[in-house]
Amino acid sequence: MRIVSGIQTTGNLHLGNYLGAIRQWVAMQDALQPGDDCLFFLADLHALTVTQDPGELAATTIEMAATLIAAGIDTDRAILFNQARVPEHAELCWVLQGTARMGWLNRMTQWKDKAGKNREGASVGLFTYPVLQAADVLVYLATHVPVGEDQKQHLELARDIATKFNTDFGVELFPLPEPLISAEAPRIMSLRDGQAKMSKSDPSDMSRIALIDDDDAIAAKIRKARTDPEPLPETMDALADRHEARNLVTIYAALSGRTPADVLTEFAGQGFGRFKPALADLAVAHLGPIRDRLNRLLDDRAEVACHLAKGAEKARSLAAPTLRAAQQAVGLQVG
Ligand code: TYM
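All figures in this text were calculated on a predicted structure; none of them were measured in a lab.

## What about the packing of helix 4 (residues 88-97) against helix 13 (residues 301-330)?
Look at helix 4 against helix 13: their axes get within 10 Å of each other, and the N-to-C directions meet at 20°. Accordingly, the angle class assigned to the pair helix 4 and helix 13 is roughly parallel. Handedness of the helix 4/helix 13 crossing: left-handed. Contact with helix 4, carried on its side by Glu-88, Glu-91, Leu-92 and Val-95, involves Arg-316, Ala-319, Ala-320, Leu-323, Ala-326, Gln-327 and Val-330 of helix 13 and no other residues of that element. Counted by class, the contact of helix 4 with helix 13 contains seven nonpolar, one polar and three charged residues.

Written as structure tokens, this is what we have:
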């Protein structure tokens with residue numbers, strides 16, 4: 001097994017990233033068998049597809065690396081690095097741009113959402129973003145990619161690119177990477193709008209619980225989360241149209257390791273005046289220790305940067321042979 005996944009460095013990590021992806025990364029790292037590899041990276045090249053303040057990008061990259069370590073990524077067992085330090089990603093991306101089709105990229109919902117009505121003004125990188133994402137996993141011959149639900153389409157594209165490349169050039173270079181989507185928390189939604197995903201780019205800080213938030217902030221955000229006046233029902237089906245309520249139950253279930261149905265058995269008939277404080281206590285108990293470790297790690301940012309440099313060296317040794325094989329397959333003379 002070669003497990004690979006990444007996170008874009010565009011802001012603080014939040015509960016959606018944690019429940020949708022990071023927690024699964026840690027579990028996979030902990031279950032690693034001899035001969036398997038886990039590679040996790042900060043997608044700083046992807047961050048360039050939207051406008052970035054250079055100082056902020058540099059600081060965010062270190063802070064996110066520290067957050068991953070605080071959440072349980074162990075740099076002795078998993079390879080942790082930032083994408084920019086491994087130039088093979090961008091080089092393979094260029095080779096794969098000859099394989100990816102405009103029509104495929106035009107269908108990407110993230111492109112449509114992020115570019116909105118202003119396609120002419122969007123960066124070229126925002127459009128070709130999924131090709132870099134394909135290169136990110138294919139350059140390591142990844143077999144499994146743990147991601148949240150929202151990344152499924154990008155992973156399907158990576159599989160299409162791998163298949164076309166192998167076929168066009170008559171090679172069996174790239175295995176088809178398998179997306180692994182957490183069953184417990186497929187999608188965590190905004191605390192302000194139960195139909196929008198919790199996101200780093202939401203302008204409202206109240207829409208997300210950041211992993212750096214202190215206990216008071218976590219409790220306040222849950223207390224102020226949008227809900228409805230009805231008590232909780234007995235089944236999840238009855239929450240189909242109550243998006244905000246459904247989201248809070250999903251979060252409670254994910255944090256407590258129980259099923260949403262089980263949570264409703266306990267809270268059915270109770271209103272949010274009872275449910276929200278219970279959820280706030282649970283979230284603080286779960287996220288508090290991660291935040292405390294994170295704050296300690298941020299006291300020594302140079303040490304965090306050392307972890308990234310060490311990881312990049314290992315990652316390059318795995319990526320270089322794949323890049324070379326892809327270049328040879330397409331006929332590039334690279335020595
Ligand atoms: P990003 O940075 O938006 O999110 C990182 C991971 O967190 C998951 N996630 C969520 N899961 C549940 N609920 C949410 N509200 C939520 N928000 C985010 C994402 O699914 C993801 O797993 N393009 C990717 C980064 C990337 C990548 C890759 C991922 C670049 N190259 C290669 C995998 C493999 C992204 O922007 O994720």
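Read on for the rest.
## Things to note about the site of the ligand
Near the ligand there are 27 residues, and of these Tyr-129, Asp-136, Asp-150, Ile-188 and Lys-200 occur at the shortest range. Contact between the ligand and Gly-16: a nitrogen atom at 3.2 Å from a main-chain N or O atom of the residue. Starting from 700 Å² of accessible surface for the ligand in isolation, the protein chains cover 97%. Going through the elements one at a time, strand 1 (2-8), helix 1 (15-30), strand 2 (37-43), helix 7 (124-138) and strand 4 (144-147) are the ones with two or more residues in the shell around the ligand. By residue class, the composition of the shell around the ligand is eleven nonpolar, eleven polar and five charged.

## Examining the environment of Gly-257
Topologically, Gly-257 is positioned in the loop between helix 10 (243-256) and helix 11 (260-267). Judged by its relative accessible area of 70%, Gly-257 falls in the exposed class.

## With respect to empty space enclosed by the protein
Over the atoms rolls a probe the size of a water molecule, and in doing so it shows where empty space is left. Inspection of the entire model under this criterion finds two cavities of 30 Å³ or more. Computed from the structure, the largest cavity encloses a volume of approximately 40 Å³. Listing elements by their share of the lining of the largest cavity, those giving two or more residues are helix 6 (109-115) and helix 7. Considering only enclosed or pocket space, the second largest cavity measures out at about 30 Å³ in volume.

## With respect to helix 10
Here helix 10 contains 14 residues, and its C-alpha end-to-end distance of 20 Å stays within 8% of the 20 Å for a straight helix at 1.5 Å per residue. In terms of residue burial, helix 10 counts as a mostly covered element, since eleven of its 14 residues are buried. Those residues of helix 10 not exposed but buried are Glu-244, Ala-245, Asn-247, Leu-248, Val-249, Thr-250, Ile-251, Tyr-252, Ala-253, Ala-254 and Leu-255. Turning to helix 10, the residues buried within the fold contact helix 1, helix 11 and helix 12 (272-297). Of the residues trailing helix 10, Gly-257 is marked for its positive phi of about 70°.

## Remarks on the domain arrangement of the protein chain
Domain annotation for the protein chain reports domain 1 (2-186 + 300-330) and domain 2 (205-297). Across the boundary between the two partners, domain 1 contributes 19 residues, which contact 16 residues of domain 2. Summed over both sides, the interface of domain 1 with domain 2 buries roughly 1400 Å², with 72% coming from carbon and sulfur. Here domain 1 is connected to domain 2 by zero salt bridges. Joining domain 1 to domain 2, the criterion identifies six residue pairs in polar contact (both at pLDDT 80 or more). Within the residue set of the side of domain 1 that touches domain 2, elements represented by two or more residues are helix 1, helix 3 (54-70) and helix 13. Class assignment for the residues of the side of domain 1 that touches domain 2 results in eleven nonpolar, three polar and five charged.

## Some points on a positive patch on the surface
A cluster of basic side chains, namely Arg-192, Arg-223, Lys-224 and Arg-226, defines a positive patch on the protein surface. Within the secondary structure, Lys-224 sits in the loop between helix 9 (215-223) and helix 10. Overall, the relative accessible area of 51% leaves Lys-224 in the exposed class.

## Quick word on the nonpolar core
One finds Ile-22 and Phe-275 to be the most contacted residues of the largest nonpolar core, which totals 59 residues. Both domains that meet at this core, namely domain 1 (2-186 + 300-330) and domain 2 (205-297), each give it at least three residues. Excluding residues that lie within four positions of it along the chain, Ile-22 makes contacts with Ile-7, Leu-13, Asn-17, Leu-68, Ala-71 and Leu-211. Counting residues in hydrophobic clusters, the runner-up holds 43 residues, among them Leu-96, Ala-134, Ala-158 and Ala-312.

So, how was this worked out
- Residues numbered from 1 in each chain as written.
- Predicted model: local features only at pLDDT ≥ 70, side-chain atom pairs only at ≥ 80, totals over all residues.
- Heavy atoms only, no water.
- Axes fitted to C-alpha atoms, helices over the stretch in contact; angles between N-to-C directions.
- Helix = DSSP H or I, 4+ residues; strand = E, 2+ residues; numbered from the N terminus.
- Parallel < 35°, antiparallel > 145°, perpendicular 65-115°, else oblique.
- Left-handed = near helix turned anticlockwise from the far one by under 90°.
- Contact = heavy atoms within 4.5 Å.
- Nonpolar A, V, L, I, M, F, W, Y, C, P; charged D, E, K, R; others polar.
- Near = heavy atom within 4 Å.
- Polar contact = N/O pair within 3.5 Å; in protein donor to acceptor, adjacent residues only side chain to side chain.
- Areas by Shrake-Rupley, 256 points an atom, 1.4 Å probe, with all protein chains shown as cover.
- Buried < 20%, exposed > 50% of the residue type's maximum accessible area, 1.4 Å probe, protein only.
- 1 Å grid on protein atoms, 1.4 Å probe; cavity = no way out; pocket = protein on both sides within 12 Å on 5 of 7 lines; lining within 4 Å.
- Points joined across faces, edges and corners; volume = space filled by probe spheres on them.
- Expected span 1.5 Å × (residues − 1).
- Domains from an automatic or database assignment.
- Buried area = accessible area lost by both parts, 1.4 Å probe.
- Salt bridge = Lys/Arg side-chain N within 4 Å of Asp/Glu carboxyl O.
- Patch = residues over 30% accessible without salt bridge, like charges linked within 9 Å, V, L, I, M, F, W, Y side chains within 5 Å.
- Lys, Arg positive; Asp, Glu negative; His and termini not counted.
- Charge placed at Lys NZ, Arg CZ, Asp CG, Glu CD.
- Core = buried A, V, L, I, M, F, W, Y, C linked by side-chain atoms within 4.5 Å.

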